[in-house]
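Listed below, chain by chain, are the residues.
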Amino acid sequence: MPDMQAAVTREKEGPFTIERVTLEDPRDNEVLVRIKGVGMCHTDLVVRDQYFPTPLPAVLGHEGAGVVEKVGKSVTKVAPGDHVVLSYASCGTCANCQRGLYGYCPDLYGRNFSGARPDGSSPCCGQKGERISSYFFAQSSFGEYALATERNVVKIAKDVPLEIMGPLGCGIQTGAGAVMNALKPGAGSSIAIFGAGSVGLAAIMAAKVVGCTTIIAVDLNDQRLALARDLGATHTLHGDAETVEAIQALTGGEGVQFSLECTGLPQVVRRAVDCLRLTGICGIIGVAPLGTEFKLDMNAVLFGRTVRGIIEGDSIPDIFIPQLVELWKQGRFPFDRLIRFYPLSEIEEAAHASERGEVLKAVLLPGQ
Ligand SMILES: [Zn+2]
Ligand SMILES: [Zn+2]
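Residues numbered from 1 in each chain as written. Chains lettered and ligands numbered in written order. Predicted model: local features only at pLDDT ≥ 70, side-chain atom pairs only at ≥ 80, totals over all residues. Heavy atoms only, no water.

Pro 57 follows Leu 56 through a cis peptide bond whose omega is 0°. Mapped onto the secondary structure, Pro 57 falls in the loop between α1 (42-48) and β4 (64-71). At Glu 13, a residue that is not glycine, the phi angle is positive and equals roughly 65°. Mapped onto the fold, Glu 13 is located in the loop between β1 (3-9) and β2 (16-23). (Helix = DSSP H or I, 4+ residues; strand = E, 2+ residues; numbered from the N terminus.)

Here you go:
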């Protein structure tokens, strides 16, 4: 029963506070992981701010990577000492899970955001024995240990630096998978990516990997646009009311074959659809508060254009994460360039720097 240091979110929009908490030993299907590095994802911050009502207090964190410490009786996928990346949870038995569409499991919200196991229990409690929501994305990895399930741990090779690998479990696979698994642009095709944060930049790297020859990055931050160009964007645009015309001009007047919306802003969704050529496909991956609506010209969609949402890059983590690790090893997917490390004790500073746009992907190092 590990007693450990973790970052606890006690109130809406409140700080992450470092506290001592207790975690239960693994149940039959669970895996206890000693966390070596955990990325901070936009979703941690929107849950802290309660866009999604995970009950507080809670230990958040859902981009953990670490070493398996202990496994439950029925676990065969991993053993103590294995290196793992923790990804998102899904039920594994519904029709969509059986088709490999884990991101569209009807129980996705319950499994990732309820702050509890499927049976309603939380494995974590505070110093006074009070219940603390845990099991966030079946991990709650803002701490020295995380309790995950056999299903959402992904074994990776031991010859890669474990502390950088956590973001592959959510943000990086979301951007890269949207391109490689969902939109699937062919070599020589064109794509526009709206928003050059860590998710958008992962999408740009992936577009380069698959051979897109026109990769247009749109953002408001010139430093990010410069990095986008470095990572594979062939063109960069400062987003404004002229963006659609600018994209048309860059593509011989036709528009791009693919676009990806990573900002969660309704007016940007409109541009991401309007910049498509006829029959083009727009993927939506930006997160907005529940109830947010966007407007489109019906005729823009009528002419064969497709708009689709994409969760977690359509990733089957056990297949996709090792692929991204291999691309990284070959130097073709340098996502580590987005990372800045912080000790877990400086999680507040990491959150503020992320919100101010000064850091693309903060990775917290517990035990430091
Ligand atoms: Zn399912
Ligand atoms: Zn995430």
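Another aspect to go through is the nonpolar core. Residues Phe 16, Met 40, Leu 86, Phe 142, Ile 347 and Leu 364 are the most contacted members of the largest nonpolar core, which totals 52 residues. At five residues, the largest contribution of residues to this core is made by strand β3 (residues 30-39). When sequence neighbours within four positions are dropped, the list of residues in contact with Leu 364 reads Lys 36, Gly 37, Val 38, Met 40, Phe 142, Tyr 342, Pro 343, Leu 344, Ile 347 and Ala 350. (Core = buried A, V, L, I, M, F, W, Y, C linked by side-chain atoms within 4.5 Å. Buried < 20%, exposed > 50% of the residue type's maximum accessible area, 1.4 Å probe, protein only. Contact = heavy atoms within 4.5 Å.)

This next bit is on helix α4 (residues 171-183). Taking 1.5 Å as the rise per residue, α4 with 13 residues should run 18 Å; its terminal C-alpha atoms sit 17 Å apart, in good agreement. The largest bend along α4 measures about 50° and falls at Gly 177. Counting buried positions along α4 yields twelve of 13 residues, so the element is predominantly enclosed. For α4, the full list of buried residues reads Gly 171, Ile 172, Gln 173, Thr 174, Gly 175, Ala 176, Gly 177, Ala 178, Val 179, Met 180, Ala 182 and Leu 183. Following α4 by one or two positions, Lys 184 has its phi on the positive side, about 50°. (Expected span 1.5 Å × (residues − 1). Bend = angle between axes of the 7 residues up to and from the residue.)

Across the six residues that make up strand β11 (residues 214-219), a large majority, six, are buried. Taking every second residue as pointing to the same face, both faces of β11 are buried, with Thr 214, Ile 216 and Val 218 on one and Ile 215, Ala 217 and Asp 219 on the other. With five bridges joining them, strand β10 (residues 190-194) and β11 adopt parallel strand pairing. When the bridges of β11 are listed, Ile 193 appears paired with Ala 217. Alignment of β11 against strand β12 (residues 235-238), held across four bridges, turns out to be parallel. Along β12, the bridge assignment pairs Asp 219 with His 238. (Pairing = 2+ DSSP bridges.)

Distances from the zinc ion (ligand 2) to its protein donors, Cys 41 (SG), His 62 (NE2) and Cys 170 (SG), fall at 2.0 to 2.2 Å. Counting the intervening residues between successive donors of the zinc ion (ligand 2) yields the motif C-x20-H-x107-C. Taken together, the residues Cys 41 in the loop between β3 and α1 and Cys 170 in the loop between β9 (153-155) and α4 connect sequence positions 129 residues apart. You can call Cys 170 buried: its relative accessible area is 5%. (Donors = N, O, S within 2.8 Å, 3.2 Å for Na, K, Ca; no water.)

Applying the stated criterion across every chain, the model contains eight aromatic pairs. Arranged with centres 5.7 Å apart and planes meeting at 85°, the rings of Phe 16 and Phe 142 form a pair that is edge-to-face. With Phe 16 in strand β2 and Phe 142 in the loop between β7 (131-132) and β8 (145-149), this pair connects stretches of sequence that are 126 residues apart. For the pair shown, Phe 16 and Phe 142 are each scored as buried. Considering the side-chain rings of Phe 136 and Phe 137, the 5.0 Å spacing of their centres and the 70° angle between planes classify their relative orientation as edge-to-face. (Phe/Tyr/Trp six-rings, centres within 6.5 Å; stacked < 30°, edge-to-face > 60°.)

Here the zinc ion (ligand 1) is held by the protein donor atoms Cys 91 (SG), Cys 94 (SG), Cys 97 (SG) and Cys 105 (SG), which lie 2.3 to 2.4 Å from it. Mapped onto the sequence, the donors of the zinc ion (ligand 1) take the spacing C-x2-C-x2-C-x7-C. Here Cys 97 falls in the buried class, since its relative accessible area comes to 5%.

Within this structure, the stated rule accounts for 21 salt bridges. Between Arg 117 and Glu 30 there is a salt bridge, with the nearest N and O atoms lying 2.7 Å from each other. Placement of Arg 117 in the loop between α3 (108-113) and β6 (124-125) and of Glu 30 in strand β3 is noted, with a sequence separation of 87 residues between them. The class for Glu 30 is buried, based on a relative accessible area of 1%. Glu 254 is the salt-bridge partner of Arg 277, the closest N and O atoms lying 3.2 Å from each other. (Salt bridge = Lys/Arg side-chain N within 4 Å of Asp/Glu carboxyl O.)

Next up on the list: the packing of helix α5 (residues 198-210) against helix α6 (residues 222-231). Running from N to C, α5 and α6 cross one another at 25°; their axes reach a closest spacing of 9 Å. Judged by the inter-axis angle, α5 sits roughly parallel to α6. Seen from above, α5 lies across α6 with right-handed handedness. Taken together, the residues of α6 that come into contact with α5 (itself represented by Leu 201, Ile 204, Met 205 and Lys 208) are Arg 224, Leu 227, Ala 228 and Leu 231. The residue inventory of the contact of α5 with α6, partitioned by class, reads six nonpolar, no polar and two charged. (Axes fitted to C-alpha atoms, helices over the stretch in contact; angles between N-to-C directions. Parallel < 35°, antiparallel > 145°, perpendicular 65-115°, else oblique. Left-handed = near helix turned anticlockwise from the far one by under 90°. Nonpolar A, V, L, I, M, F, W, Y, C, P; charged D, E, K, R; others polar.)

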